[in-house]
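Residues per chain, in single letters:
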Amino acid sequence: NKKTNEASYKGNLALHDFDLGKFTGNESMLGTITAVADINGKGLKLDEIEAQINGTVKSIFLKQYNYRNATVNGVLKKRTFVGKLCIHDENIDFDFDGMANLNKAEPEFNFTSTIRNANLKALNLSKQELTVGADLSSNITGKNIDDIAGTIVLRNLRLANKDTSAFVDFVQ
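So, a few notes on the structure that sits alongside this text.

Definitions and cut-offs
- Residues numbered from 1 in each chain as written.
- Predicted model: local features only at pLDDT ≥ 70, side-chain atom pairs only at ≥ 80, totals over all residues.
- Heavy atoms only, no water.
- Helix = DSSP H or I, 4+ residues; strand = E, 2+ residues; numbered from the N terminus.
- Contact = heavy atoms within 4.5 Å.
- Phe/Tyr/Trp six-rings, centres within 6.5 Å; stacked < 30°, edge-to-face > 60°.
- Buried < 20%, exposed > 50% of the residue type's maximum accessible area, 1.4 Å probe, protein only.
- Pairing = 2+ DSSP bridges.
- Patch = residues over 30% accessible without salt bridge, like charges linked within 9 Å, V, L, I, M, F, W, Y side chains within 5 Å.
- Areas by Shrake-Rupley, 256 points an atom, 1.4 Å probe, with all protein chains shown as cover.
- Salt bridge = Lys/Arg side-chain N within 4 Å of Asp/Glu carboxyl O.
- Lys, Arg positive; Asp, Glu negative; His and termini not counted.
- Polar contact = N/O pair within 3.5 Å; in protein donor to acceptor, adjacent residues only side chain to side chain.
- Axes fitted to C-alpha atoms, helices over the stretch in contact; angles between N-to-C directions.

### Some thoughts on the environment of aspartate 47
Phase 1 of the analysis: For aspartate 47, the location among the structural elements is in the loop between strand E2 (30-42) and strand E3 (50-62).
Phase 2 of the analysis: When the C-alpha atoms of aspartate 47 and lysine 77 are compared, they prove to be 8.0 Å apart, with 30 residues separating the residues in sequence.
Phase 3 of the analysis: Apart from the residues lying within four places of it in its own chain, the contact partners of aspartate 47 are Lys78 and Arg79.

Rendered as structure tokens:
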């Protein structure tokens, strides 16, 4: 739009080894992405984007792990995602349906998720061997584990390491 100097787009986006870390200025957290998506939106900066996205992510490098086989269907609007995300990777198999709002000083998360399997060490989320599975619902705010406010419900929680395993029916 020449009057507002705002970018708008509609079509099919194909990325092959696109460097998200360099693009966003967050190279310590993000790496490359290979994906195909139908996208309809406006804005190019993360704080300005408003876009409907329906796509498949072949691979995305996050926190030193290359996640594979993801699908996304939702709306990204000014650092808030509302929709569905599924990953069927050898080290994580899960579905997410809900909202993640990173706009506020206190991020907000309201979602349900089924984690069929997550190998936290392989994903670089734990230094020790730990595999997790659970049905999860969350309605929380907070920047880190020490300042979370709200409710998290875990059902059918499974934890295992190389020596032991545990199962818990319900945690709130």
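### Observations concerning the packing of aromatic side chains
Phase 1 of the analysis: This model, assessed by the stated rule, comprises four aromatic pairs.
Phase 2 of the analysis: Taking 4.8 Å as the distance between ring centres and 85 degrees as the angle between the ring planes, the aromatic pair formed by tyrosine 65 and tyrosine 67 counts as edge-to-face. For the pair formed by tyrosine 65 and tyrosine 67, the shared burial category is buried.
Phase 3 of the analysis: On the basis of an interplanar angle of 40 degrees and a centroid distance of 6.5 Å, the ring pair of phenylalanine 81 and phenylalanine 96 is categorised as tilted. One end of the pair, phenylalanine 81, is in strand E5 (residues 80-88); the other, phenylalanine 96, is in strand E6 (residues 92-101), and 15 residues separate them in sequence. We note that phenylalanine 81, like phenylalanine 96, is buried.
Phase 4 of the analysis: Among the aromatic side chains, those forming a connected cluster through ring pairs are Phe81, Phe96 and Phe111.

### Quick notes on unusual backbone geometry
The general pattern is negative phi for most residues beyond glycine and trans for most peptide bonds.
Phase 1 of the analysis: Notably, lysine 78 is not glycine yet its phi reads approximately 45 degrees, a positive angle.
Phase 2 of the analysis: Notably, asparagine 156 is not glycine yet its phi reads approximately 55 degrees, a positive angle.
Phase 3 of the analysis: Within the secondary structure layout, asparagine 156 lies in strand E9 (residues 149-160).

### Some points on the pairing of strand E8 (residues 131-141)
A regular strand carries its side chains on alternate faces of the sheet.
Phase 1 of the analysis: Judged from the 10 bridges that link them, strand E7 (residues 108-119) and E8 form a sheet pairing that is antiparallel. Residue pairing across strands places alanine 118 opposite valine 132, the latter belonging to E8.

### With respect to a nonpolar patch on the surface
Phase 1 of the analysis: On the surface, Ile145, Ile148 and Ile152 cluster together to form a nonpolar patch covering roughly 270 Å² of accessible area.
Phase 2 of the analysis: Secondary-structure assignment places isoleucine 148 in the loop between E8 and E9.

### Some thoughts on the side chain of aspartate 89
Phase 1 of the analysis: Looking at where aspartate 89 falls in the secondary structure, it is placed in the loop between E5 and E6.
Phase 2 of the analysis: For the buried aspartate 89, which has no salt bridge, the nearest side chain bearing the opposite charge is arginine 68, at an N-O separation of 5.6 Å.
Phase 3 of the analysis: Within polar-contact distance, the side chain of aspartate 89 engages the side chain of tyrosine 65 at 2.5 Å.
Phase 4 of the analysis: Polar side-chain contacts of aspartate 89 include one of 2.8 Å to the backbone nitrogen of arginine 68.
Phase 5 of the analysis: Not counting chain neighbours up to four residues away, the residues in contact with aspartate 89 comprise Tyr65, Asn66, Tyr67 and Arg68.

### Quick notes on the pattern of salt bridges
Phase 1 of the analysis: On inspection of all chains with the given rule, the structure shows four salt bridges.
Phase 2 of the analysis: With a closest N to O distance of 3.9 Å, glutamate 129 and lysine 121 form a salt bridge.
Phase 3 of the analysis: Salt bridges sharing common partners tie together Asp93, Asp95 and Arg116.

### Concerning the sheet that holds E6
Phase 1 of the analysis: Strand order in the open sheet formed by 10 strands is E1-E2-E3-E4-E5-E6-E7-E8-E9-E10, with antiparallel pairing between adjacent strands. If you trace the sheet from one side to the other, it starts and ends with strand E1 (8-19) and strand E10 (165-171), each paired once. Between one strand axis and the next, the sheet turns through 10 degrees on average, direction left out of account.
Phase 2 of the analysis: Taken together, the six bridges between E9 and E10 define a ladder with antiparallel strand orientation. When the sheet's bridge partners are listed, leucine 154 is paired in E10 with valine 171.

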